[in-house]
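Observations on chain architecture
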Amino acid sequence: MPTETRLLVVMDPIGSIKPAKDSTLAMLLAAQRSGYRLLYAEQRDIGLRDGIAWGRLAPLRVRDDPRDWFELGPATTRRLGDCHVILMRKDPPFDTEYVYTTYILDRARDQGALVVNDPRGLRDMNEKVYTAWFPECCAPTLITRDMGDMAEFLREHHKVVCKPLHGMGGRSIFVLEEGDKNRNVVFETLTDYGSRYAIAQRYLPQIVTAGDCRIILIDGEPVPFALKRMPSETDHRGNLAAGARAESRPLTDRDRWLCERIGPPLRDAGMVFVGLDVIGEYVTEINVTSPTGIRELDRKHDLDIGGMLIASISRRLGRS
């Protein structure tokens, strides 16, 4: 690997992360070990001028030290296309500013950079809506703005999970049972009285015993263990940010079947690092924007998932 192979990360402020849990830091540590020269930018640091993608990019060194995990040099203005790789690791929300950022990264890709994940996929593959491309892998799902349709879906399935299309980390997730007197206000809140789309899925009771499992795909191939997120006794949500407990398990035959269905189309679309959320036998979300789970699985199973990702990126560059 040439020492001047440049990898730019676009992320939230690196000083505010939790290094012991942060997947982006794991990726950067692996890239640095593999000889990549690291550069750093936040959303505000990149832009377009006369069709050229550029950024104020700072040299970056990282350390696996929870008290002192990074060092930044002085930033200089450079063409983004001169970077060999750009890791887009800005966390949601997926708002208009995020979309504008993907346009800038489109131009960087056109001007020579490998962008991970591909900006077209980041725009097109909403993490909840994109499950509609794989209905055979999913529990019954409704996406609508119509509160009457949501009420009918609840009557049909008796117990459902409802959530906004733009949320993350377990925010604004509701579990409703038929007859729940809060159902109308939940539907009103999620759809803003019919002016926004929301999603409802049949409730999967396996979340109580088997958890909400994150399967990591690297270039379409699954990591052999799933991160098993067990809800607390006082919460329905299988999100670590909402207090779920992190465990793990080997992949099942059903998991591998799901990955065989979903992994290749994602790989072919340039989605190199993806997280599938699985409850029981069904995929509930396809996470493409900034999936996590590396650090927990690395610790539990002596893996190097960041290294697996960087090896895949190197193959795409033809530099392995």
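No experiment lies behind these values; they were computed from the predicted model shown. (Residues numbered from 1 in each chain as written. Predicted model: local features only at pLDDT ≥ 70, side-chain atom pairs only at ≥ 80, totals over all residues. Heavy atoms only, no water.)

A separate point is helix 4 (residues 147–157). Listing the buried residues of helix 4 in full gives Met 150, Ala 151, Phe 153, Leu 154 and His 157. An end-on view of helix 4 places all buried positions within 160° of arc, on one side of the element. Those residues of helix 4 that are buried are in contact with strand 9 (141–144), strand 10 (159–164), strand 11 (174–177), helix 5 (183–191) and strand 12 (198–202). N-capping of helix 4 is provided by Asp 146, with a side-chain oxygen placed 2.8 Å from the backbone N of Gly 148. Where helix 4 ends, the next residue or the one after it, His 158, has phi of about 75°, a positive value. (Buried < 20%, exposed > 50% of the residue type's maximum accessible area, 1.4 Å probe, protein only. Helix = DSSP H or I, 4+ residues; strand = E, 2+ residues; numbered from the N terminus. Arc of directions from axis to C-beta. Contact = heavy atoms within 4.5 Å. Polar contact = N/O pair within 3.5 Å; in protein donor to acceptor, adjacent residues only side chain to side chain.)

A few words now on the nonpolar core. General note: in soluble globular proteins, nonpolar side chains tend to be found buried as a group. By size, the foremost hydrophobic cluster in this structure holds 39 residues, and its most contacted members are Leu 8, Leu 80, Ile 86, Leu 266, Leu 276 and Ile 286. The residues touching Leu 8, leaving out its near neighbours within four places in the chain, are Leu 39, Tyr 40, Ala 41, Leu 57, Leu 80, Cys 83, Val 85, Ile 86 and Leu 87. If you look at the next biggest cluster of nonpolar residues, it comprises 34 residues, including Met 11, Val 116, Val 272 and Ile 310. (Core = buried A, V, L, I, M, F, W, Y, C linked by side-chain atoms within 4.5 Å.)

Our next topic: the packing of helix 4 against helix 5. For the pair helix 4 and helix 5, interaxial distance at closest approach is 10 Å and the crossing angle is 135°. Between helix 4 and helix 5, the angle falls in the class oblique. At the point where helix 4 passes helix 5, the crossing takes the right-handed sense. Contacts from Met 147, Met 150, Ala 151 and Leu 154 in helix 4 reach Arg 183, Phe 187, Glu 188 and Thr 191 in helix 5. (Axes fitted to C-alpha atoms, helices over the stretch in contact; angles between N-to-C directions. Parallel < 35°, antiparallel > 145°, perpendicular 65-115°, else oblique. Left-handed = near helix turned anticlockwise from the far one by under 90°.)

Glancing now at helix 2 (residues 96–110). Residue pairs spaced three or four apart in an α-helix point in one direction, given the helix's 3.6 residues per turn. Between its first and last C-alpha, helix 2 extends 21 Å over 15 residues, near the 21 Å set by a 1.5 Å rise per residue. Within the sequence span of helix 2, burial applies to Tyr 98, Val 99, Thr 101, Thr 102, Ile 104, Leu 105, Asp 106, Ala 108 and Arg 109. Positioned one or two residues after helix 2, Gly 112 has a phi angle of 125°, which is positive. (Expected span 1.5 Å × (residues − 1).)

With that settled, the discussion passes to the environment of Tyr 193. In this structure, Tyr 193 sits in the loop between helix 5 and strand 12. Along the chain, Tyr 193 and Gly 51 lie 142 residues apart, while their C-alpha atoms are 40 Å from each other.

Looking now at the pairing of strand 1 (residues 6–11). Burial of strand 1 is extensive: six of the six residues sit out of reach of the surface. Judged by which residues are buried, strand 1 turns out to be covered on both faces: Arg 6, Leu 8 and Val 10 on one side and Leu 7, Val 9 and Met 11 on the other are all buried. Taken together, the five bridges between strand 1 and strand 2 (residues 37–41) define a ladder with parallel strand orientation. Its bridge partner being in strand 2, Leu 8 is matched across the sheet by Leu 39. One ladder, built from five bridges, connects strand 1 with strand 7 (residues 85–89); its direction is parallel. By the bridge assignment, Val 9 is partnered in strand 7 with Leu 87. (Pairing = 2+ DSSP bridges.)

The final tally for this structure, using the stated rule, is 31 salt bridges. The salt bridge partner of Asp 118 is Arg 109, with a shortest N-O separation of 3.5 Å. Residues Glu 285 and Lys 163 are paired through a salt bridge, measuring 3.1 Å at the closest nitrogen-oxygen approach. Note that Glu 285 is positioned in strand 18 (residues 282–287) and Lys 163 in strand 10, a separation of 122 residues in sequence. A relative accessible area of 10% means that Glu 285 is categorised as buried. (Salt bridge = Lys/Arg side-chain N within 4 Å of Asp/Glu carboxyl O.)

With that settled, consider the sheet that holds strand 12. Strand order in the open sheet formed by four strands is 9-12-10-11, and the pairing between neighbours is antiparallel. Edge positions in the sheet fall to strand 9 and strand 11, since each of these pairs with one other strand and no more. Averaged over all pairs of adjacent strands, the angle between their axes in this sheet comes to 25°, without regard to strand direction. Looking at chain direction, strand 10 and strand 11 are connected through four bridges and run antiparallel. Opposite Cys 162, over in strand 11, you have Phe 174 as the bridge partner. The strands touched by helix 5 are strand 9, strand 10, strand 11 and strand 12; relative to strand 11, the strand with the most contacts, the crossing angle is about 145°.

Omega for the peptide link from Pro 92 to Pro 93 comes to 25°, which places this bond in the cis form. Looking along the chain, the bond that leaves Val 116 and enters Asn 117 is cis, with omega of -5°. Within the secondary structure, Asn 117 sits in the loop between strand 8 (114–116) and helix 3 (119–124). Even without glycine at this site, Asp 302 takes up a positive phi of about 55°. The topology assignment puts Asp 302 in the loop between helix 8 (294–301) and helix 9 (305–317).

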